[in-house]
Amino acid sequence: MQRSLEVPALDFDRYPRTGNYFVKRASAYIADVLLCFVISLIFLVLIGVDMTGLLGWVLVYILTGLLSAAYKLLFDGMGTRTLGKAVFSLRVVGLEDGPGFGEAALRNLSVILPFIGPLLDQLIGNGTALDSRQKLTDHLSTTLVVEDIEEVAIERPMAIPPPPPKEKMFLDYRNVRVGNCPRCGAPYRVLAPGDSTFSGLWNHRCTWCNHLIRENE
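Residues numbered from 1 in each chain as written. Predicted model: local features only at pLDDT ≥ 70, side-chain atom pairs only at ≥ 80, totals over all residues. Heavy atoms only, no water.

Student: Give a detailed account of the overall build of the chain, specifying residues and quantitative values.
Tutor: Secondary structure assignment for the chain yields six helices and six strands. Secondary structure elements of the chain, listed N to C terminal, follow the sequence α-α-α-β-α-α-α-β-β-β-β-β. A fraction of 60% describes how many contacts in the chain between residues 6 or more apart in sequence connect residues 24 or more apart. Summed over all atoms, the accessible surface of the chain reaches about 14,900 Å², with 64% contributed by carbon and sulfur. (Helix = DSSP H or I, 4+ residues; strand = E, 2+ residues; numbered from the N terminus. Contact = heavy atoms within 4.5 Å. Areas by Shrake-Rupley, 256 points an atom, 1.4 Å probe, with all protein chains shown as cover.)

Shown next, in the form of structure tokens:
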């Protein structure tokens, strides 16, 4: 029995995107990095690290990367959003809606090197990923950052029912014999079957104004 060798993949068509997707993505990343940067800087200052030299800023860079990786791993693995993604209405999805901790750890490896790692990750992903929204680590972990786009319900106009068919009333030879057209007043006669003389009617209509002569008229 031959086993299927198909690799599970995301249904990219399920997640539409707007024209400013990459602007949102970059803005969310910068917001998250700035948050981790501020926390790292405050922590190093509190423990007495000298920030006047180059070593202090190298430590800030390293700590910011480590904190970013841990921060995103925690939030992505729990199925929630980081602050930046929440502000810009983004979320991470996987094969089963949200990624697990394993997928979250893999997709956030590059953030250990702030700005440099994610930039290289995105550039390499453009040549290997199945969708332009995927970084290399997104492709490897089968994850994707998507937008929360509100679905606008389109109100369809209600179908107008067709008018009810008009009931046609035909002349009864037994009751109506002579009369005048209610529209133009021309006289008419109802002839017996076989009589070909002029009656003033044609197919139950007045020959002068084409008005339909009904029984009740």
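Don't stop here, the text continues.
Student: Go over the pattern of salt bridges, please, and point to the residues and values.
Tutor: Taken as a whole and judged by the stated rule, the model has eight salt bridges. Note that Asp121 is salt-bridged to Lys135, the shortest N-O span being 3.8 Å. Taken together, the positions of Asp121 in helix 5 (residues 116-128) and Lys135 in the loop between helix 5 and helix 6 (136-141) put the pair 14 residues apart, joining distant regions of the chain. For the pair Asp121 and Lys135, a shared accessibility class is recorded, and that class is buried. Residue Asp131 is joined to Arg133 by a salt bridge in which the shortest nitrogen-to-oxygen separation is 2.9 Å. Of the two residues, Asp131 and Arg133, both sit in the buried class. Ionic contacts of the salt-bridge type, sharing partners, join the residues Arg25, Asp76, Arg107 and Asp138 into one network. (Salt bridge = Lys/Arg side-chain N within 4 Å of Asp/Glu carboxyl O. Buried < 20%, exposed > 50% of the residue type's maximum accessible area, 1.4 Å probe, protein only.)

Student: Let's hear about helix 2 (residues 54-77): which residues, and what values?
Tutor: Residues spaced three or four apart along an α-helix point in a common direction, a consequence of the helix completing one turn every 3.6 residues. Relative to the 34 Å expected for 24 residues at 1.5 Å per residue, helix 2 spans 34 Å between its end C-alpha atoms, a close match to the ideal helical length. Regarding helix 2, the residues found buried are Gly56, Val60, Thr64, Gly65, Ser68, Ala69, Tyr71, Lys72, Asp76 and Gly77. Looking at the packing, one finds that the buried side of helix 2 touches helix 1 (21-46), helix 3 (83-87), strand 1 (90-93) and helix 4 (101-107). Of the residues trailing helix 2, Gly79 is marked for its positive phi of about 80°. (Expected span 1.5 Å × (residues − 1).)

Student: Can you lay out the side chain of Gln122 for me, pointing to particular residues and giving the numbers?
Tutor: For Gln122, the position within the fold is in helix 5. Here Gln122 is in contact with Phe22, Arg25, Ser132, Gln134 and Lys135, once residues within four sequence places are set aside.

Student: Residue-level account of the packing of aromatic side chains, with values.
Tutor: To describe a pair of aromatic rings, you give the distance between the ring centres and the angle between the ring planes. Applying the stated criterion across every chain yields a total of four aromatic pairs. Between the aromatic rings of Tyr71 and Phe75, the centroid separation amounts to 5.0 Å while the plane-to-plane angle is 65°, which identifies the pairing as edge-to-face. In this pair, Tyr71 and Phe75 both sit in helix 2, four residues apart, roughly one turn of the helix. Classification of Tyr71 by relative accessible area gives buried; the value is 14%. (Phe/Tyr/Trp six-rings, centres within 6.5 Å; stacked < 30°, edge-to-face > 60°.)

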